[in-house]
Amino acid sequence: ALTITGSDLLADVVSVHLPVQSFWPALKPSVALDPAPVAMVVSGGFSSADVMVSGLSFDARIWLALGDLAHGVIPVSVGICIALLAQRLLRGDPFDRRMSRAAFATASFVGAGGLIWQLCSGIGESIASAQVLAVTGWTIDESEVVGDNLSAIGWPLPSVAGLVDSWPIAAALAIAAVGVAIRYGETVTADRAALKRETEGLV
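I will try to describe carefully the structure that is included in this document.

Conventions and cut-offs
Residues numbered from 1 in each chain as written. Predicted model: local features only at pLDDT ≥ 70, side-chain atom pairs only at ≥ 80, totals over all residues. Heavy atoms only, no water. Helix = DSSP H or I, 4+ residues; strand = E, 2+ residues; numbered from the N terminus. Buried < 20%, exposed > 50% of the residue type's maximum accessible area, 1.4 Å probe, protein only. Contact = heavy atoms within 4.5 Å. Areas by Shrake-Rupley, 256 points an atom, 1.4 Å probe, with all protein chains shown as cover. Axes fitted to C-alpha atoms, helices over the stretch in contact; angles between N-to-C directions. Parallel < 35°, antiparallel > 145°, perpendicular 65-115°, else oblique. Left-handed = near helix turned anticlockwise from the far one by under 90°. Nonpolar A, V, L, I, M, F, W, Y, C, P; charged D, E, K, R; others polar. Core = buried A, V, L, I, M, F, W, Y, C linked by side-chain atoms within 4.5 Å. Phe/Tyr/Trp six-rings, centres within 6.5 Å; stacked < 30°, edge-to-face > 60°. Polar contact = N/O pair within 3.5 Å; in protein donor to acceptor, adjacent residues only side chain to side chain. Patch = residues over 30% accessible without salt bridge, like charges linked within 9 Å, V, L, I, M, F, W, Y side chains within 5 Å. Salt bridge = Lys/Arg side-chain N within 4 Å of Asp/Glu carboxyl O.

### Examining the overall build of the protein chain
Link 1 in the chain: For the protein chain, the count of helices and strands is 4 helices and 2 strands.
Link 2 in the chain: Helices (α) and strands (β) of the protein chain occur, in sequence order from the N terminus, as α-β-β-α-α-α.
Link 3 in the chain: A buried classification covers 26% of the 203 residues belonging to the protein chain.
Link 4 in the chain: Pairs at least 24 apart in sequence give 82% of the contacts found in the protein chain among residues at least 6 apart.
Link 5 in the chain: Total accessible area on the protein chain stands at roughly 13200 Å², and carbon and sulfur atoms take up 66% of it.

### Brief notes about unusual backbone geometry
Peptide bonds are, in most cases, trans, and in most cases residues other than glycine have a negative phi.
Link 1 in the chain: Residue Pro-35 follows Asp-34 across a cis peptide bond; omega there is 0 degrees.
Link 2 in the chain: Mapped onto the secondary structure, Pro-35 falls in the loop between strand 1 (13-23) and strand 2 (46-54).

### Regarding the packing of helix 2 (residues 58-90) against helix 3 (residues 97-133)
Link 1 in the chain: Two elements in contact, helix 2 and helix 3, have axes whose closest approach is 7 Å; the angle formed by their N-to-C orientations is 160 degrees. Here helix 3 runs roughly antiparallel to helix 2, going by the angle between their axes. Considering how the two elements wind past one another, helix 2 and helix 3 form a crossing that is left-handed.
Link 2 in the chain: In terms of residue class, the contact of helix 2 with helix 3 is built from 22 nonpolar, 9 polar and 5 charged.

### Some points on the nonpolar core
Link 1 in the chain: Residues Val-14, Val-16, Leu-18, Val-20, Val-53, Leu-56, Ala-60, Leu-64, Ala-128 and Leu-133 constitute the largest nonpolar core, which totals 10 residues.
Link 2 in the chain: When contributions to this core are tallied by element, the ones reaching two or more residues are strand 1, helix 2 and helix 3.
Link 3 in the chain: Considering every element that reaches this core, the biggest residue donor is strand 1, with 4 residues.
Link 4 in the chain: Contact partners of Leu-133, with chain neighbours within four places excluded, come to Leu-18, Pro-19, Val-20, Trp-155, Pro-156, Leu-157 and Pro-158.

### A short note on the packing of aromatic side chains
For any pair of aromatic rings, geometry is given as the distance between the ring centres together with the angle between the planes.
Link 1 in the chain: Tallied over the entire structure, the rule returns 2 aromatic pairs.
Link 2 in the chain: Each ring, one from Trp-24 and one from Phe-46, has its centre 5.1 Å from the other, and the planes form 25 degrees; the classification is stacked. Remark: Phe-46 occurs in strand 2 and Trp-24 occurs in the loop between strand 1 and strand 2; sequence separation between them is 22 residues.
Link 3 in the chain: Classification of Trp-24 as partly exposed rests on a relative accessible area of 46%.
Link 4 in the chain: A residue is classified by how much of its surface remains accessible, and Phe-46, at 43% relative accessible area, is partly exposed.
Link 5 in the chain: Considering the side-chain rings of Trp-117 and Trp-167, the 6.1 Å spacing of their centres and the 70 degrees angle between planes classify their relative orientation as edge-to-face. Of this pair, Trp-117 sits in helix 3 while Trp-167 sits in helix 4 (residues 167-202); the two residues are 50 residues apart in sequence, bridging distant segments of the chain.
Link 6 in the chain: Judged by relative accessible area, which is 23%, Trp-117 ranks as partly exposed.

### Things to note about the environment of Val-73
Link 1 in the chain: Here Val-73 shows up in helix 2.
Link 2 in the chain: Its relative accessible area of 31% is what places Val-73 among the partly exposed residues.
Link 3 in the chain: Taking the C-alpha atoms as reference points, Val-73 and Val-110, 37 residues apart in sequence, are found 7.7 Å from one another.

### Looking at the side chain of Ser-129
Link 1 in the chain: Residue position: Ser-129 is located in helix 3.
Link 2 in the chain: Among the residues examined, Ser-129 registers a relative accessible area of 0% and is labelled buried.
Link 3 in the chain: Within the structure, Ser-129 has its side chain in polar contact with the backbone nitrogen of Ser-159 (distance 3.0 Å).
Link 4 in the chain: Leaving out residues up to four positions away in the same chain, Ser-129 has contacts with Leu-18, Pro-19, Ala-134, Pro-158 and Ser-159.

### Here we look at a nonpolar patch on the surface
Link 1 in the chain: Taken together, the side chains of Leu-115, Leu-119, Val-164, Ile-169 and Leu-173 define a hydrophobic patch exposed on the protein surface, amounting to about 430 Å² of accessible area.
Link 2 in the chain: For the nonpolar patch, the secondary structure elements donating two or more residues are helix 3 and helix 4.
Link 3 in the chain: Within the fold, Leu-115 resides in helix 3.
Link 4 in the chain: Overall, Leu-115 belongs to the partly exposed group, its relative accessible area being 31%.

As structure tokens, then:
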């Protein structure tokens, strides 16, 4: 995650998931396919492209880097939580207060990190799309092309990245539910330990 973030900020060429308006390349009128495909596209097209971009402005780089950094937090937090759980299991004491805290912290990182990742990456990708694809004028030396719009010359148009998905919230709630179960186990374990001490005191 840190390597990708550093690459977003400092590399000459940046990897970008570039959103575009629905685009399908059109053949010149003089082109004839022989034999022609049995099926043909009548509507729709590509809505994104994974590209390497040079000359990207620093504002786009910042948003992309923040998105990649937030994305990297998710597996790291989950990995730390799993490592703590494995450590407690090996010790034979999985219901420790630190485990429920770790689960709730992981849920927060997954929920917030997932939303921040999508939001920051979407803003960065939208800025990159505008910088790569926005064109205000052109010249052409092709008599077969008719029209005064970019689609007529086969150029894709910039677009805004899609809406933020809510899956991080669902994942965070699932992890929080595990934390609640662990907290219940911690309470039961503590009650049993207290009862055992009281019983030993009576004896």
